[in-house]
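# Structural description and commentary
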Amino acid sequence: AAGNSETRSLSLAFNATRTGLRDKLALTESSLYSTNGLSTPGTTANLVQGSARYDHDFDGILFVFGGADFMSDALQALNLRSVFSGGLGYHIIKSDTTMLDFLTGVNYTRENYVPFSRNTAGLTLGEDFMHKMKHSTVLTEDFTFYPDLSDPGEYRTNFDFSTTTKMNKWFGWQNTFSDIYVTNPPLGAKKNDVLFSTGLNVSFTH
């Protein structure tokens, strides 16, 4: 934007999934960067997230999972949060059009903020949902709750919701909403980060 406003903003995301007969590997990355050049110059958003998760089925309903999540948020004074999780999952619904999984496990979290660092152990409780609607629209939603076992009463939550509408096999339109909540950020930082983005989606299928 230019004129009475002078802002620059860029949002990028990458998702890759490889599905086998009894296992699945998923990789994700997303970033948001925005600057303001007028009345209060400076960076207004600088957030990067990434994750990797491996699932392996050992019967029709149950599966084991292991994953790693990473996040950096300059405006929350977060240099890097690393979360390593593992546990058991349940396929509540598993079909070509609808998927619903519940996850339960444990995690080890290392947070490096500008003023301090901390290491914690916690639980990982979550659910993943996907539904393919008519007219080539796919809904995805996931929610994860991380109660802190090292400091009872503290926790984090991650919520993501997105819609992708295919225009053709490789091109589409995507909307994404995310809410990241931390009960104990550094002094002066807000607990919530809410993100909404809309844009173009390019798919590569093999």
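From a predicted model like this one, the values you see are computed outputs, not experimental measurements.

When helices and strands are tallied, the protein shows zero helices and 11 strands. Its helices and strands taken in sequence order, the protein reads β-β-β-β-β-β-β-β-β-β-β from the N to the C terminus. Relative to the compact-globule value of 17 Å for 206 residues, the protein shows a C-alpha radius of gyration of 19 Å, a close match. Expressed as lengths along the three principal axes of its C-alpha atoms, the size of the protein is roughly 60 × 50 × 25 Å.

For the rest of this paragraph, the subject is the sheet that holds strand 2 (residues 23-36). Pairing in this open sheet of 11 strands is antiparallel, and the strands run 1-2-3-4-5-6-7-8-9-10-11 from one edge to the other. Each edge of the sheet is formed by a strand with only one pairing partner; in this case those strands are strand 1 (7-19) and strand 11 (192-202). The mean angle between the axes of side-by-side strands here comes to 15 degrees, regardless of whether they run parallel or antiparallel. Where strand 10 (residues 171-182) and strand 11 come together, 11 bridges link them in antiparallel fashion. Within strand 11, the position partnered with asparagine 175 by the bridge is threonine 198.

The next subject is the layout of surface pockets. In this structure, the second largest pocket encloses a volume near 200 Å³. Along the walls of the second largest pocket sit 13 residues, with Thr44, Asp73, Leu75, Asn192 and Asp193 positioned nearest its centre. When residues of the lining of the second largest pocket are traced back to their parent elements, those giving at least two are strand 3 (42-57) and strand 11. Of the residues forming the lining of the second largest pocket, the biggest block, four residues, is contributed by strand 3. A breakdown of the residues in the lining of the second largest pocket according to their chemical character gives six nonpolar, four polar and three charged.

As a further point, take the side chain of histidine 91. Assignment of secondary structure puts histidine 91 in strand 5 (residues 78-94). A polar side-chain atom of histidine 91 sits 2.8 Å from a polar atom in the side chain of aspartate 101. Setting aside anything within four residues of it in sequence, one finds histidine 91 in contact with Asp57, Gly60, Ile61, Phe63, Leu100 and Asp101.

Glancing now at the confidence of the model for the protein. Of all residues in the protein, 97% have pLDDT values of 70 or greater, and the mean over the chain is 90. Here strand 1 stands out as the element of the protein with the lowest mean pLDDT, 87, in contrast to strand 6 (residues 98-113), whose mean of 96 is the highest.

Turning our eyes to something else, we now look at the nonpolar core. Counting seven residues, the largest nonpolar core is built from Leu47, Met71, Leu78, Tyr113, Ile180, Val182 and Leu195. Residues within four places of tyrosine 113 in sequence aside, it is in contact with Gln76, Ala77, Leu78, Asn79, Arg81, Arg118, Val182, Pro185 and Pro186.

Where strand 9 (residues 155-166) meets strand 10, 11 bridges bridge the pair, whose relative direction is antiparallel. Within the sheet, the bridge partner assigned to aspartate 160 lies in strand 10 and is serine 178. Here strand 9 folds back onto strand 10 in antiparallel fashion, the turn holding four residues.

What follows covers the pattern of salt bridges. Counting across every chain of the model gives five salt bridges. Note that aspartate 128 is salt-bridged to arginine 53, the shortest N-O span being 2.9 Å. With a gap of 75 residues between them, aspartate 128 in strand 7 (residues 117-132) and arginine 53 in strand 3 connect regions that are remote in the sequence. Residue glutamate 111 pairs with arginine 81 through a salt bridge whose shortest N-O separation is 2.7 Å. Of the two residues, glutamate 111 sits in strand 6 while arginine 81 sits in strand 5, which places them 30 residues apart along the sequence.

Cut-offs applied
- Residues numbered from 1 in each chain as written.
- Predicted model: local features only at pLDDT ≥ 70, side-chain atom pairs only at ≥ 80, totals over all residues.
- Heavy atoms only, no water.
- Helix = DSSP H or I, 4+ residues; strand = E, 2+ residues; numbered from the N terminus.
- Rg over C-alpha atoms; globule rule 2.2 N^0.38 Å.
- Pairing = 2+ DSSP bridges.
- Axes fitted to C-alpha atoms, helices over the stretch in contact; angles between N-to-C directions.
- 1 Å grid on protein atoms, 1.4 Å probe; cavity = no way out; pocket = protein on both sides within 12 Å on 5 of 7 lines; lining within 4 Å.
- Points joined across faces, edges and corners; volume = space filled by probe spheres on them.
- Nonpolar A, V, L, I, M, F, W, Y, C, P; charged D, E, K, R; others polar.
- Polar contact = N/O pair within 3.5 Å; in protein donor to acceptor, adjacent residues only side chain to side chain.
- Contact = heavy atoms within 4.5 Å.
- pLDDT = per-residue confidence, 0-100.
- Core = buried A, V, L, I, M, F, W, Y, C linked by side-chain atoms within 4.5 Å.
- Buried < 20%, exposed > 50% of the residue type's maximum accessible area, 1.4 Å probe, protein only.
- Salt bridge = Lys/Arg side-chain N within 4 Å of Asp/Glu carboxyl O.

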